[in-house]
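Okay, here's what each chain looks like letter by letter:
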Amino acid sequence: MIPSGRLRALAVNAGFDLVGFARAEPIDPHVLGDWLAQGFHADLDWMSERVAERLDVTALLPGAKTVIALACNYWRSDDAGPIARYARGRDYHATMRDRLRVLRRGLREQFSGVADYGSVDANPVMEKVHAARAGLGFVGKNACFITPEFGSWVVLATMIIDAEVDEYATGPTADVCGRCSLCLTSCPTGAIVSERVVDAGACLSYQTIENDRSVPERLRLAMPNLVFGCDVCQDVCPLNATPIRAQARFEPRAVAQASVLELAAMTREQWDVWAPGMALMRAGFDGLRRNAAYALGAMKALEARPVLERLVADGDHRVREAAAWALTQLT
Ligand code: B12
Ligand code: SF4
Ligand code: SF4
């Protein structure tokens, strides 16, 4: 039995803003099962793989007893910009992994013989469910995890251990969405199909980051000033009205100041300076320019014509196609 206070101190010392403890109990299969059955994972095929692990952390760490849920605030400023806030600085996966390593080192020093499994985002772990069980917040109608301290401007990680702690949370914090439905009505594509359920295929976060083919025309029109990720359903949320400035680790990098037009006109040399170590690498140089071209079309940005005319002769077919479509919008 590990004193939760000592683990909490280790996690805070590692840089995590929020720490909570949940029992390593299986997750009701219906929520994930229904979501997959409706095809809401689009072509995120990995979401339908390793479902057994997602629903039961003991399949990831035999003998798992506790899930340590961890969160870091990433909000840095009010600036609007075409890159979603979580992706404006160093790749959060790297930051969270660094912090998990520090936590693991402390855990092993102080509690030898305890096995652990740390994860951030890509592992088959339902992070929001564990964070809710561990009392860090609740899942809002926008399907984002909302904390009392930082609103939804947090990224999550978990560390599963095969030891019990002396105190567990009793469940999520109060759901304070009440009668508000601003996120549902503000989503530019109607991707929040019902409370807490997002159709990834309709979500601009998926389209701008994960979809490496062309974006359906209906969705392109909803992309003004939006090049990587989407924060609309968080920006409108009243629970995000008083954000707190995050640690310096989350400071935006130079590329976050670039306009849509500058991103469309970006050279390979600029990309090589700007993007390494950032989450933007997931979309890649061509993916980002493709998105910027769509955004310029959606904005009917007449001043972008020369850049778009150059991009219709680009080496990448997705950039060419996006630029050609954008030009048709400049009337
Ligand atoms: C797939 C995925 C996506 C997909 C699908 C989104 C979705 N809502 O499912 C896409 C690509 C669209 C996406 C977009 C974004 N994502 Co994403 N994504 C994930 C990922 C990898 C899996 C989520 C998942 O399992 N979905 C399946 C559904 C069925 O499960 P669910 O989302 O957990 O929701 C259900 C449960 O939480 C359940 N539930 C709620 N409360 C409780 C309580 C209990 C006790 C139980 C049992 C169940 C339960 O009900 C919910 C609704 O049905 C997670 C990382 C991870 N490993 O968990 C990141 C993650 C959810 N994403 C994250 C982020 C930051 C985003 C974006 C904000 C990025 C952006 N700015 O563009 C957007 C937000 C879009 C939105 N409104 O949800 C963060 C969320 C941080 C937060 N504060 O919520 C995560 C946790 C990554 C991380 N490590 O920080 N994402
Ligand atoms: S991230 Fe954007 S597109 Fe996706 S659900 Fe939220 S508002 Fe809609
Ligand atoms: S916008 Fe309103 S309904 Fe949506 S998550 Fe925030 S408080 Fe809840």
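Computed from a predicted structure; not experimentally measured.

## With respect to the overall build of the protein
Then, number 1: The number of helices and strands found in the protein is 14 helices and 8 strands.
Then, number 2: Seen through its C-alpha atoms, the protein measures out along the principal axes to roughly 65 × 40 × 35 Å.
Then, number 3: A total of 331 residues make up the protein; the buried ones form 54% of that total.
Then, number 4: Across the protein, every contact between residues at least 6 apart in sequence was considered, and the portion connecting residues at least 24 apart equals 75%.
Then, number 5: Accessible surface, the protein: about 14500 Å² in total, of which carbon and sulfur atoms supply 52%.

## What to know about the site of ligand 1
Then, number 1: The environment of ligand 1 is made up of 35 residues, and the closest members are Val125, Glu127, Lys128, Phe145 and Ser205.
Then, number 2: Taking Asp121, its main chain carries an N or O atom lying 2.8 Å from a nitrogen atom of ligand 1.
Then, number 3: In the environment of ligand 1, an oxygen atom lies 2.6 Å from a nitrogen or oxygen atom belonging to the backbone of Phe145.
Then, number 4: At the level of secondary structure, the elements contributing two or more residues to the shell around ligand 1 comprise helix H2 (29-37), helix H5 (127-133), strand S6 (154-161), helix H7 (204-209) and helix H9 (232-235).
Then, number 5: Broken down by element, the shell around ligand 1 gets its largest block of residues, 5 residues, from H5.
Then, number 6: Residue classes in the shell around ligand 1 are distributed as 23 nonpolar, 6 polar and 6 charged.
Then, number 7: Mapped onto the domain boundaries, the shell around ligand 1 takes at least three residues apiece from domain 1 (4-161) and domain 2 (189-229 + 253-329).

## Quick look at the packing of aromatic side chains
Then, number 1: Counted under the stated rule, the structure contains 5 aromatic pairs.
Then, number 2: Judged by centre distance (6.5 Å) and plane angle (35 degrees), the rings of Tyr86 and Phe228 are tilted. Of the two residues, Tyr86 sits in the loop between strand S2 (66-73) and helix H4 (92-110) while Phe228 sits in the loop between helix H8 (217-220) and H9, which places them 142 residues apart along the sequence.
Then, number 3: Taking relative accessible area as the criterion, Phe228 reaches 0% and is therefore assigned buried.
Then, number 4: Cluster of aromatic residues (ring-pair linked, three or more members): Tyr86, Tyr92 and Phe228.
Then, number 5: The ring of Trp153 carries the charged tip of Arg85 above its face, separated from the ring centre by 4.8 Å.
Then, number 6: Directly above the ring of Phe285 sits Arg289, whose terminal nitrogen or CZ lies 4.1 Å from the centroid.

## Here we look at the side chain of Arg290
Then, number 1: Take Arg290: it is sitting in helix H12 (residues 284-299).
Then, number 2: Of the buried charged residues, Arg290 lacks a salt bridge, with Asp212 as the closest side chain of opposite charge at 6.6 Å.
Then, number 3: In this structure the side chain of Arg290 is engaged in a polar contact, spanning 2.8 Å, whose partner is the backbone oxygen of Asn211.
Then, number 4: Each residue touching Arg290, except ones within four places of it in the same chain, is listed here: Gln207, Thr208, Asn211, Asp212, Arg213, Ser214, Val215, Arg318, Val319 and Ala322.

## What about the site of ligand 3?
Then, number 1: In the vicinity of ligand 3, the contacting residues are Lys141, Asn142, Ile146, Cys177, Cys180, Ser181, Leu182, Cys183, Cys237, Pro238 and Leu239.
Then, number 2: Class assignment for the residues of the shell around ligand 3 results in 8 nonpolar, 2 polar and 1 charged.

## Here we look at H4
Every α-helix carries 3.6 residues per turn, so stepping three or four residues along brings you back to the same face.
Then, number 1: Given a rise of 1.5 Å per residue, 19 residues ought to cover 27 Å, and the 27 Å separating the end C-alpha atoms of H4 matches this to within 8%.
Then, number 2: Listed as buried for H4 are Tyr92, His93, Thr95, Met96, Arg99, Leu100, Leu103, Gly106 and Leu107. One face of H4 carries all of its buried residues, which in axial projection span an arc of 155 degrees. Away from its buried face by more than 90 degrees, H4 exposes Arg105 and Glu109.
Then, number 3: Against helix H1 (4-14), S2, strand S3 (116-119) and S6 lie the buried residues of H4.

## As for the domain arrangement of the protein
Then, number 1: One can read the domain layout of the protein as domain 1 (4-161) and domain 2 (189-229 + 253-329).
Then, number 2: On a C-alpha basis, the centroid separation for the pair domain 1 and domain 2 is 28 Å.
Then, number 3: Taken together, the contacts link 23 residues of domain 1 with 32 residues of domain 2.
Then, number 4: Taken over both partners, the interface formed by domain 1 and domain 2 buries close to 2100 Å², and the fraction arising from carbon and sulfur atoms is 60%.
Then, number 5: Where domain 1 meets domain 2, there are 2 salt bridges.
Then, number 6: As a salt-bridge pair, Arg213 and Asp43 come within 2.6 Å of each other at their nearest N and O atoms.
Then, number 7: Where domain 1 touches domain 2, the interface holds 11 residue pairs in polar contact (both at pLDDT 80 or more).
Then, number 8: Classifying every residue of the side of domain 1 that touches domain 2 by side-chain character gives 12 nonpolar, 5 polar and 6 charged.

Rules of the game
One numbering rule holds for all chains: residues counted from 1, following each sequence as written. Whichever chain is written first becomes A and whichever ligand is written first becomes 1, with later ones labelled in order. A pLDDT threshold of at least 70 governs which residues receive local features in this predicted model, and a stricter bar of 80 or more applies before side-chain atom pairs are shown or counted, although totals over entire chains, interfaces and linings include all residues. Side-chain figures throughout are based on the complete set of non-hydrogen atoms in the structure, without hydrogens or water. By the criteria applied, helices consist of DSSP H or I runs no shorter than four residues and strands consist of E runs no shorter than two, each listed in order from the N terminus. Any residue under 20% of the maximum accessible area for its type is buried, any over 50% is exposed, and the rest in between are partly exposed; the area is computed with a 1.4 Å probe on protein chains only. Whether two residues are in contact is decided by their heavy atoms, any of which lying within 4.5 Å being enough. Methods summary: accessible areas were calculated by the Shrake-Rupley approach with a probe of 1.4 Å, and residue burial reflects only the protein chains presented. Being near a molecule or strand, for a residue, means having at least one of its heavy atoms within 4 Å of it. Two N or O atoms count as a polar contact when they lie within 3.5 Å, although within protein this holds only if one can serve as hydrogen donor and the other as acceptor, and sequence-adjacent residues are included solely when both atoms are side-chain atoms. Lys, Arg, Asp and Glu make up the charged group, whereas Ala, Val, Leu, Ile, Met, Phe, Trp, Tyr, Cys and Pro make up the nonpolar group; the residues left over, Gly among them, are polar. Start and end positions for the domains come from either an automated domain assignment or a database one. Geometry of aromatic contacts follows a simple scheme: Phe, Tyr and Trp rings, the Trp one being its six-membered ring, pair when their centres are within 6.5 Å, and the pair is stacked under 30 degrees between planes, edge-to-face over 60, tilted otherwise. Look at NZ for Lys and CZ for Arg. If either is within 6 Å of the ring centre and within 35 degrees of the ring normal, a charge sits over the ring. By the counting rule applied here, Lys and Arg register as positive and Asp and Glu as negative, while His and the ends of each chain are not counted. Here, a salt bridge means any side-chain nitrogen of Lys or Arg that lies within 4 Å of a carboxyl oxygen of Asp or Glu. Helices are assigned an expected span. That span is 1.5 Å times one less than the residue count. The arc refers to the directions leading from the helix axis to the C-beta atoms. Accessible surface is computed with a 1.4 Å probe, and the buried area is the amount of it that two parts give up when combined, taken over both parts together.

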